[in-house]
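# Structural features, examined
Chain residues, written in single-letter form:
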Amino acid sequence: MASDIQVNKALSLTDQLISCLDEAERQLSSARNWGFLDVLGGGFFVDLIKHSKLNNAKSTMDKVSYLMGELQRVMGGIAIPSDYRMEIGGFATFADFFFDGGIVDIYMTAKIMSSLSEVRKLRDKCYDLKSRLGKL
């Protein structure tokens, strides 16, 4: 049975996770919107703004990874589902700038939408965990 201190710490970490995931969702939603504009012929500056939003989301997701590790530690090594991914980076980013065209723009927007879906799923899991912790 978890102690009150563990439960309170886990609840605090879960709240922090939810806040970070809300921020990541805002950044990814904005990047998605810029991606839609890019598909319509946005160009270099739209790419810069879109990738700035993606970098902000990635930075936030790095914090999420840290908080997930802390939550797992507080929960006594219980496996915490962390099956989220940001599938954007590397060659896709290079291609988005270098081959700036319809197919690459559509591909990037699809990747952004996939990452956005993963963030939302993870946030739902955090709300579920928070609810279960509140009952302890």
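It should be noted that the structure appears before, not after, this text.
A brief structural summary. Being a predicted model, the structure only gives us computed values, none of them experimental.

## Quick look at the nonpolar core
By size, the foremost hydrophobic cluster in this structure holds 29 residues, and its most contacted members are Leu 17, Leu 21, Leu 28, Val 64 and Leu 71. Within the residue set of this core, elements represented by two or more residues are α1 (4-39), α2 (44-74) and α4 (102-134). By residue number, the principal contributor to this core is α1, which donates 11 residues.

## Describing the packing of aromatic side chains
Within this structure, the stated rule accounts for one aromatic pair. Where Phe 44 meets Phe 45, the ring centres are 5.6 Å apart and the plane angle is 75 degrees; that geometry is what we call edge-to-face.

## Quick look at α2
The terminal C-alpha atoms of α2 lie 45 Å apart, and with 31 residues this matches the ideal 45 Å at 1.5 Å per residue to within 8%. Gly 76 sits one or two positions beyond α2 and adopts a positive phi of about 80 degrees.

## Points about the pattern of salt bridges
Working definition: two side chains of opposite charge can pair if their charged atoms are close together. Within the structure shown, the criterion is met by 11 salt bridges. One salt bridge connects Asp 62 with Lys 58, and the closest N-O pair in it is separated by 3.3 Å. Taken together, the positions of Asp 62 and Lys 58, both in helix α2 and four residues apart, correspond to about one turn of that helix. Its relative accessible area of 43% is what places Asp 62 among the partly exposed residues. For Glu 70, the salt bridge is made with Arg 73, and the minimal N-O distance between the two is 2.9 Å. Note that Glu 70 and Arg 73 are positioned in helix α2 at a spacing of three residues, about one turn of the helix. The class for Glu 70 is buried, based on a relative accessible area of 19%. By relative accessible area, Arg 73 is classed as exposed at 53%. Ionic contacts of the salt-bridge type, sharing partners, join the residues Asp 22, Glu 25, Arg 120 and Arg 123 into one network.

## Digging into the environment of Gln 72
Among the secondary structure elements, Gln 72 is positioned in helix α2. The exposure class of Gln 72 is partly exposed, given its relative accessible area of 32%.

Quick notes on the rules
Residues numbered from 1 in each chain as written. Predicted model: local features only at pLDDT ≥ 70, side-chain atom pairs only at ≥ 80, totals over all residues. Heavy atoms only, no water. Core = buried A, V, L, I, M, F, W, Y, C linked by side-chain atoms within 4.5 Å. Buried < 20%, exposed > 50% of the residue type's maximum accessible area, 1.4 Å probe, protein only. Helix = DSSP H or I, 4+ residues; strand = E, 2+ residues; numbered from the N terminus. Phe/Tyr/Trp six-rings, centres within 6.5 Å; stacked < 30°, edge-to-face > 60°. Expected span 1.5 Å × (residues − 1). Salt bridge = Lys/Arg side-chain N within 4 Å of Asp/Glu carboxyl O.

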